[in-house]
Amino acid sequence: MQKFRKLFGDPTDKSVMQKKPDTKSQWMAKSSQRVLHIVVIATSFLCINFGFVNCSPVHDMNGALSAASSAGSGSGGGTGTGGNPPTPASRYQFTCTPGQTTPSQMQRLSRREYQNTIKDLVSLINASLYDATIQADIATLPDDQTSATINNNAVGEYESTVLVYAGHINGYFQTAFDIGGKIAANATYVKAIPGTNSCLGAATVTDACVTNFINGFGLKVFRRPLTTAEVTQYKAYWNLADFSSTAQKIQGVIAIFLQSPDFLYRIYDQGTVTSATARTLTSYEFASKLSYLITGSMPDATLFAEAASNSLTTPAAISAEVTRLLALPSARPTIARFFKEWLQYDTLPDMTRFPSSVTNGVDVTNLSTNMMNDVDNTIQSVVFDNNGTLQDLMSTKVSYVAGNNLAQIYGITNPNGLVTLPDNRAGIFSRAAFLAKQAQPGTSPVKRGRFLLTSVLCQSIGNPPPGAPAQAPALPPGEFLTTRDRYQFLTVRDQNGIAAVNCMGCHSRMNPLGYTYEAFDPFGRVRSTEPVTNTNLNGQSVTENLPINTQSVTNELDVPNVAMNSYLDLHQYLSTSDKVMSCMSQKWFTFIQKRSPAMAGSDDGCYMNEFLNATYGTSQSGQPGGQGSIQDLIKNTAVSTRFRTWNN
Amino acid sequence: MPVGYNRFTRRQFLVGAGGYSILIPFLPSLLSREAKAQAMTAPRRLFILNYAHNIMASENINPNVATNVLGTGIKNIPLSTYTGSMGNFMTNANMMSLKNAGLMTIVRGLDSLTTPDAHGSTWLTAGNVNVSNSGVALVPSIDSYMEASTTLYPASQTYFKKILRCNGSVSFKKVGTQVSDITDCYEEDDNNHWNGAQKLYNDMVGLLKGGSPPAPAAGIQGPILNKVMEAFTAVKNGRMISSEDKLRLDNHMQLLSELQSTFLGAAPPAQLNCSNPITDPNQPTNAELSYFDKMTVYFKLIAMALSCGLTKVAILNAESGGDWDIGVNRADFPTGGLDFHNDVVHNLHGFTLAQQQQQYSYWAKWHMDKLSDLVLAPLHATQDPLNSNGKSILENMLVAFMSEAGVNADPGAHVNLDYQPIMFGNMGGIIKSDQLVVYDRTNSFYRGVGIPANQLMITFLQAMGLSESEYVAGSTDAHGFGAYPKAGTPFDKYRNQFYSPIAEIWRG
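Basis of the calculations
Each chain carries its own residue numbering, running from 1 in the direction its sequence is written. The order in which chains are written sets their letters, starting at A; the order in which ligands are written sets their numbers, starting at 1. Given that this is a predicted model, residues contribute local features only at a pLDDT of at least 70 and side-chain atom pairs are listed and counted only at 80 or more, while totals for whole chains, interfaces and linings are drawn from all residues. Side-chain numbers here rest on the full set of heavy atoms in the structure, without hydrogens or water. Under the scheme used here, helices are H or I runs from DSSP no shorter than 4 residues and strands are E runs no shorter than 2 residues, and both carry numbers assigned from the N terminus. Under the scheme applied here, a residue whose accessible area is under 20% of the maximum for its type counts as buried, over 50% as exposed, and between as partly exposed, the area being computed with a 1.4 Å probe on protein chains only. Exposure was quantified through the Shrake-Rupley algorithm and a 1.4 Å probe, taking into account, for residues, occlusion by the shown protein chains and nothing else. Whether two residues are in contact is decided by their heavy atoms, any of which lying within 4.5 Å being enough. Orientation is described by axes fitted as lines to C-alpha atoms, over the contacting stretch for helices, and by angles from 0 to 180 degrees between their N-to-C directions. Oblique is the label for any angle not covered by the other classes, which are roughly parallel (under 35 degrees), roughly antiparallel (over 145) and roughly perpendicular (65 to 115). Throughout, a crossing is termed right-handed when the near helix is turned clockwise from the far one, and left-handed when it is turned anticlockwise from it by less than a right angle. Whether two strands pair depends on DSSP finding at least two bridges between them. Here, expected helix span is obtained from the residue count minus one, scaled by 1.5 Å. Polar contact criterion, stated in full: a pair of N or O atoms within 3.5 Å, where within protein one must be able to donate a hydrogen and the other to accept it, and residues adjacent in sequence count only if both atoms are side-chain atoms. One number per residue, pLDDT, summarises how confident the predictor is, and it ranges from 0 to 100. By nonpolar core we mean a set of buried residues, namely Ala, Val, Leu, Ile, Met, Phe, Trp, Tyr and Cys, connected to one another through side-chain atoms within 4.5 Å. Each salt bridge in this description consists of a side-chain nitrogen of Lys or Arg and a carboxyl oxygen of Asp or Glu lying within 4 Å of one another. Only the six-membered ring of Trp is used, alongside the rings of Phe and Tyr, when aromatic pairs are assigned; centres must lie within 6.5 Å, and planes under 30 degrees apart are stacked while those over 60 apart are edge-to-face, with the rest tilted. Here, over-ring charges are defined by two tests on the NZ atom of lysine or the CZ atom of arginine: distance to the ring centre within 6 Å, and angle to the ring normal within 35 degrees. Think of it as three bins: nonpolar holds Ala, Val, Leu, Ile, Met, Phe, Trp, Tyr, Cys and Pro, charged holds Asp, Glu, Lys and Arg, and polar takes everything else, Gly as well.

**Let's talk about the overall build of chain B**
Logical step 1: Across its full length, chain B holds twelve helices and twelve strands.
Logical step 2: A buried classification covers 62% of the 508 residues belonging to chain B.
Logical step 3: Surface summary for chain B: the accessible area is close to 17100 Å², and the carbon and sulfur share equals 53%.

Spelled out as structure tokens, the structure:
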């Protein structure tokens, strides 16, 4: 180690390190000075990044921020001139070609949405209809969770409804058939069918009653009024000779409704034609789309009423409705899905895999659940309870600590829900869920850095080169190195100062980000030293507690050569980073559209710019601290004409 | 009832779309394939002949070098263009004919990332082993997943025997209730040496005798589904939706039609060439039969069952516990009447390496010859009665001949590295046949471990139509098809990544 430092200089030498980053206002004010400082640091070891194209920064798909723009000039489909800090004129923008649209995709209800919708729909008749039988029927549906991968690495799960399997078809049928049967067999339920005014319970069911049934129940099922042709079609079903009794007619028609494409899929093609390939959603379609976006279910009575009166036409009205919907309990798990799919904290490793040297007395029972609940509730606290911003997420000390095991990790004595964590644990990525997920089972600066690079900054990174070892080799006898130093020697330069040419291209991008979190052990406990056990030259097992070093320099943020004393500095930079905000905008686009953005230069770029600008908030016009909230992002999404358009 | 389509083509397309990408450039070709696929859904069929020891060592299979670069650490050659020797156990004329017709596929460099274990590393189980062997909890193997699949066996198709599975008690056990498990199929049972073959015969021939269609189910389910189908047709044809969404509706409708058949009393598939292939099924009952005799019966009956639509899956795991059989006709065995498992495979007799290789080759050649003559050739000589695409039964299915692999350096050990399946057929085009695909195990992306053998099992499962959700359940650390490989091993970083078929042989 000393040899390494002598040869190439210690990259963490405090004589050349920046002091702790300024507060945000200071940061905004001292940009030019900062550039001068960090240029000095660039001459130390991280210059090894140059010249290795194998993993050189490349702009991610779809016109996302180019790493090159971090140096002050936009590229990769973006515009703007970067700068340090970003100025209003240089904020990153996706390349946008209005009108160059991708056909809208009809979206099948996921099992989560289907369950919510069935529950809400049958509750219009009687909440007891949603009984154990129906729940068991729904439970047979495939869960629609699919592995999400980045560079062939499984990083989490996302909800995918593109494909349909036999399990769906069978489950849809059984659920629909059972619901129809239960309603038809119960006179009280029959009389409560929407739109019928109890007429289906009469001894003789009139044609007008059937029409009312089709229109009334169909409105709730299709989430829009039926067309004349559809009413005719469903009345013909009622009159099928195969349905020999009123009960069979009720059961049969309901079962057909609940398996119909307009119930199982969201298709918004009934609106006004605005061009050869576009239609504006009807008020009902808009209400349905908004409802599924925020609550994950069909519109409630208020939304149906607003659709009927076509009152959701102005930004103010739409924003107010979004505010109302966000206050519903169902909004929290629905919006939480976005953060789960973006940040992948809902797939944590099996905690029993950690050896006792890592668990160190922590009971791992339910630990994964406690960790995930912590992040869920922390995000909800920021987003819903405090109308927070991305900055707030990156700096929050609020945490939800429900179990003694998580409390033990956080060093808290009162694990009863939302707590305020100590100053040494601020920002969402300091939570145990994120830190433990990247452990293997010791800390891995590489995995922690890769997560930030690929998932939070949306940067592409290549695959490991042939022959790269899966793990750092064991230390030779007599050597005692921290995890950081071992990775540094293995992947950037060895102890003799020889460059690891096949590795450093990528690792000089990933490692520095991960090094800043070395103050956390694999479970996320704060540490100042790392115990390293090895045999000494006499063959005796010895443990040395080596000091932790979290200082680092990265080129992956909006400006090059950013020096950090710890992850706290990194979080501050991330919280205002154009890269992070553009990444979040891209992920939000993917989440709501259920697809990736089209190639750079399409209308998708325009839509993502709307998200990006909402996230910039007033800070875009040079007002520090004016970042838009997550709720603002959702409101701006709903207000957009693109949200209200069906393309083909 | 609506016309079905070739689901795999659409599904694979949609998988691409579902992976957060839009495959617009491929759409025109896709639509043309849809238009021409006015055929019944091809029942997917699979036959695996497996040996739970390292018989087919890499040195015995030619060619062992591929030249065309497919990707990093991956090469291939079209086998139909290869004119040299395939190896000393692959000389059968029928087999060579299939190779030349582009219906043969070999993959080299598949590795199981679990710890080798006597009889427990067999790859059909993706690491699942017998409790008594290693203490690892019993979880489903590939046949158990197929048995339980409602995609493969919808409720309407009760006339299928779900799995024909010949296996002993050691290598792996079924988890399920509906597998037609031919227990003791290789046992040198003191009381009945014929019981396995006899059981299979009775199962299969009994089905032939009782082939009448089930009575239509009473009730309104059928009419309901008819009208659901009508509603889907109306949306597909009359709404402003994309071509891609129309394909998705097609897919939905095809699955609806399968459910529909449940309630419409659909007849079993047409049964052609379903005559009894065994001349004297009930004899002998107690006489000792050779392994040769029994395997001959198995091959004949399985070929009949697959061609007649009596089952969709057959697995012969060619070894069992108890008294080990010689493995080949003893009279034909070059070194005399020895216990194949103990004396040859584990070399308790003290053979030289060359002698072991000779005996391995003899074993493999006998099986390849019989497989070729009794299964492959008849299945390829018959046009598939269950699919109107004009292809042979073999072309519309997949036959895999596999064993643990191993290398000459340690031929007796249970080796879970460098498996080399030899496959025939291509599932109607789903599998990219006519290839020798070689994964570089010494300088590959996976760093010296080829690609996970588990991916071949997933290739089989997905080719048979199973969705990911139908086979990941029940997986535990290092076992099954979900959490994989084992935590704490050097391969830990690849956990939960192997849900994909092998790209180089998967057309989908």
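Once the structure has been displayed, the description carries forward.
**Side note on the overall build of chain A**
Logical step 1: From N to C terminus, chain A includes 27 helices and 13 strands.
Logical step 2: Counting only contacts in chain A whose residues sit at least 6 apart along the sequence, the fraction spanning at least 24 positions is 68%.

**Some words on the packing of helix 4 (residues 111-123) of chain A against helix 5 (residues 132-139) of chain A**
All names here are of chain A.
Logical step 1: Contact geometry for helix 4 and helix 5: axes closest at 10 Å, N-to-C directions at 160°. Taken together, the axes of helix 4 and helix 5 lie roughly antiparallel to each other. As for how helix 4 packs across helix 5, the hand of that crossing is right-handed. Taking contact as the criterion, the partners of Arg111, Tyr114, Gln115 and Ile118 in helix 4 are, on helix 5, Ile134, Ile138 and Ala139.

**Some remarks on the sheet that holds strand 13 (residues 645-647) of chain A**
All names here are of chain A.
Logical step 1: The strand order 5-6-13 describes an open sheet built from three strands, whose pairing is antiparallel. The open sheet has two edge strands, strand 5 (272-275) and strand 13, and neither has a second partner. Across the sheet, the mean angle separating the axes of adjacent strands is 30° when strand polarity is ignored.

**Observations regarding helix 25 (residues 578-593) of chain A**
Residue and element names in this part refer to chain A.
Logical step 1: The end-to-end C-alpha separation of helix 25 is 22 Å, in line with the 22 Å expected for 16 residues at 1.5 Å each.
Logical step 2: Of all the 16 residues making up helix 25, 15 are buried; the element is thus mostly covered by neighbouring parts of the structure.
Logical step 3: Where helix 25 begins, the capping side chain belongs to Ser577, and its oxygen is found 3.0 Å from the backbone nitrogen of Lys579.
Logical step 4: Immediately downstream of helix 25, the backbone of Lys594 shows phi near 60°, a positive value.

**A look at the confidence of the model for chain B**
Residue and element names in this part refer to chain B.
Logical step 1: On average, residues of chain B carry a pLDDT of 68, and 51% of them reach 70 or more.
Logical step 2: In the model, residues 168-180 has pLDDT below 50 throughout and makes 50 contacts with residues more than four positions away in sequence or in other chains.
Logical step 3: Interface confidence for the predicted complex, expressed as ipTM, amounts to 0.84; the pTM equals 0.65.

**A look at the side chain of Thr459(B)**
Residues and elements named next belong to chain B.
Logical step 1: With respect to the helices, strands and loops of the structure, Thr459 is situated in helix 12 (residues 454-463).
Logical step 2: With relative accessibility at 0%, the residue Thr459 sits in the buried group.
Logical step 3: Ignoring anything within four residues of it in the chain, the contact list for Thr459 reads Ile431, Pro501, Ile502, Ile505 and Trp506.

**What about the nonpolar core?**
Logical step 1: Counting residues in hydrophobic clusters, the biggest one holds 170 residues, and the most contacted among them are Ile183(A), Tyr234(A), Phe339(A), Met371(A) and Phe429(A).
Logical step 2: Sorting elements by how many residues they give to this core places helix 6 (residues 166-184) of chain A first, with nine residues.
Logical step 3: With residues up to four places along the chain from it excluded, the contact list for Phe429(A) reads Leu343(A), Met394(A), Phe434(A), Leu435(A), Phe451(A), Leu452(A), Val456(A), Tyr517(A), His571(A) and Leu574(A).
Logical step 4: Formed by 47 residues, the second largest nonpolar core is a distinct cluster that contains Met95(B), Ala303(B), Met368(B) and Leu379(B).

**Quick notes on the pattern of salt bridges**
Any two side chains of opposite charge can pair, given that their charged atoms come close.
Residues and elements named next belong to chain A.
Logical step 1: One pass over the structure, following the stated rule, counts 31 salt bridges over all chains.
Logical step 2: One salt bridge connects Asp144 with Arg108, and the closest N-O pair in it is separated by 2.9 Å. Separated by 36 residues along the polypeptide, Asp144 in the loop between helix 5 and strand 2 (145-150) and Arg108 in strand 1 (residues 107-108) bring together distant segments of the chain. This pair shows no difference in class: Asp144 is buried, exactly as Arg108 is.
Logical step 3: Among the ionic pairs, Asp376 bridges to Lys340, the shortest N-O distance being 3.4 Å. Remark: Lys340 occurs in helix 15 (residues 331-343) and Asp376 occurs in helix 17 (residues 367-385); sequence separation between them is 36 residues. Each member of the pair Asp376 and Lys340 is classed as buried.
Logical step 4: Each of Arg112, Glu113, Glu159, Arg266 and Lys594 takes part in salt bridges that share partners, so that together they form one network.

**Notes on the side chain of Thr615(A)**
Residues and elements named next belong to chain A.
Logical step 1: You can see Thr615 is positioned in helix 26 (residues 603-616).
Logical step 2: The buried category is assigned to Thr615, whose relative accessible area is 2%.
Logical step 3: Residues contacting Thr615, with those up to four places away along its chain left out, are Met581, Met584, Ser585, Gln627, Gly628 and Leu633.

**Some details on the pairing of strand 9 (residues 529-535) of chain A**
Residue and element names in this part refer to chain A.
Logical step 1: Burial along strand 9 is one-sided: the residues Glu530, Val532 and Asn534 are buried and none of Thr529, Pro531, Thr533 and Thr535 is.
Logical step 2: As defined by bridge partners, strand 9 adjoins strand 10 (residues 541-547) across seven bridges and the pair is classed as antiparallel. Paired with Thr535 across the bridge in strand 10 is Ser541.
Logical step 3: Taking the residues that link successive antiparallel strands as the turn, the strand 9-strand 10 hairpin has five residues, and the phi of Gly539 there is positive, at about 80°.

**Things to note about unusual backbone geometry**
Residue and element names in this part refer to chain A.
Logical step 1: Residue Arg223 is not a glycine yet carries a positive backbone phi of 60°.
Logical step 2: Positionally, Arg223 belongs in the loop between helix 8 (207-222) and helix 9 (228-238).
Logical step 3: We classify Arg223 as buried; its relative accessible area is 2%.
Logical step 4: Located in the positive-phi region is Lys594, a residue other than glycine, with phi close to 60°.
Logical step 5: Positionally, Lys594 belongs in the loop between helix 25 and helix 26.

**Description of the packing of aromatic side chains**
All names here are of chain A.
Logical step 1: Here the structure, examined in full by the defined rule, presents 30 aromatic pairs over all chains.
Logical step 2: Taking the centre distance of 5.3 Å and the plane angle of 80° together, the rings of Tyr92 and Phe94 count as edge-to-face.
Logical step 3: In this structure Tyr92 comes out as buried when scored by relative accessible area, which is 2%.
Logical step 4: The interplanar angle of 90° and the centroid separation of 5.1 Å between the aromatic rings of Phe429 and Phe434 together place this pair among those described as edge-to-face. Both residues of the pair, Phe429 and Phe434, belong to the buried class.
Logical step 5: Cation over ring: Arg644 sits above Phe286, and NZ or CZ is 4.0 Å from the ring centre.

**A word on the packing of helix 25 of chain A against helix 26 of chain A**
How two helices pack is summed up by the angle between their axes together with the distance between the axes.
Residues and elements named next belong to chain A.
Logical step 1: For the pair helix 25 and helix 26, the least separation of the axes is 9 Å and the interaxial angle reads 125°. Comparing the axis directions of helix 25 and helix 26 gives the class oblique. The interaxial crossing formed by helix 25 with helix 26 has right-handed handedness. Seen from helix 25, the contacting residues are Asp578, Met581, Ser582, Met584, Ser585, Gln586, Trp588, Phe589, Ile592 and Gln593; seen from helix 26, they are Asp604, Tyr607, Met608, Phe611, Leu612, Thr615 and Tyr616.
Logical step 2: Across the contact of helix 25 with helix 26, the residue classes tally to ten nonpolar, five polar and two charged.

**Structural notes on helix 12 (residues 283-294) of chain A**
Residues and elements named next belong to chain A.
Logical step 1: Here helix 12 contains twelve residues, and its C-alpha end-to-end distance of 17 Å stays within 8% of the 16 Å for a straight helix at 1.5 Å per residue.
Logical step 2: Summarising burial for helix 12: twelve of the twelve residues are buried, a large majority.
Logical step 3: For helix 12, every residue scored as buried is listed here: Ser283, Tyr284, Glu285, Phe286, Ala287, Ser288, Lys289, Leu290, Ser291, Tyr292, Leu293 and Ile294.
Logical step 4: Positioned one or two residues after helix 12, Gly296 has a phi angle of 70°, which is positive.

**Description of the environment of Phe213(A)**
All names here are of chain A.
Logical step 1: Along the chain, the position of Phe213 falls in helix 8.
Logical step 2: Since its relative accessible area comes to 0%, Phe213 is described here as buried.
Logical step 3: Phe213 sits 15 residues away from Ser198 along the chain, and the two C-alpha atoms are 9.6 Å apart.
Logical step 4: Leave out the neighbours within four places in its chain, and Phe213 touches Ile193, Thr196, Leu200, Gly218, Trp238, Val253 and Ile254.

**As for the environment of Tyr130(A)**
Residues and elements named next belong to chain A.
Logical step 1: Among the secondary structure elements, Tyr130 is positioned in the loop between helix 4 and helix 5.
Logical step 2: Here Tyr130 falls in the buried class, since its relative accessible area comes to 13%.
Logical step 3: Sequence separation between Tyr130 and Asp120 is ten residues; the distance between their C-alpha atoms is 8.9 Å.
Logical step 4: Here Tyr130 is in contact with Gln115, Ile118, Lys119, Val122, Gln135 and Ile138, once residues within four sequence places are set aside.

**A few points about the environment of His507(A)**
All names here are of chain A.
Logical step 1: Topologically, His507 is positioned in helix 23 (residues 504-515).
Logical step 2: Separated by 58 residues in sequence, His507 and Gly449 have C-alpha atoms that sit 8.8 Å apart.
Logical step 3: Excluding residues within four positions of it along the chain, His507 makes contact with Val446, Thr491, Val492 and Pro512.

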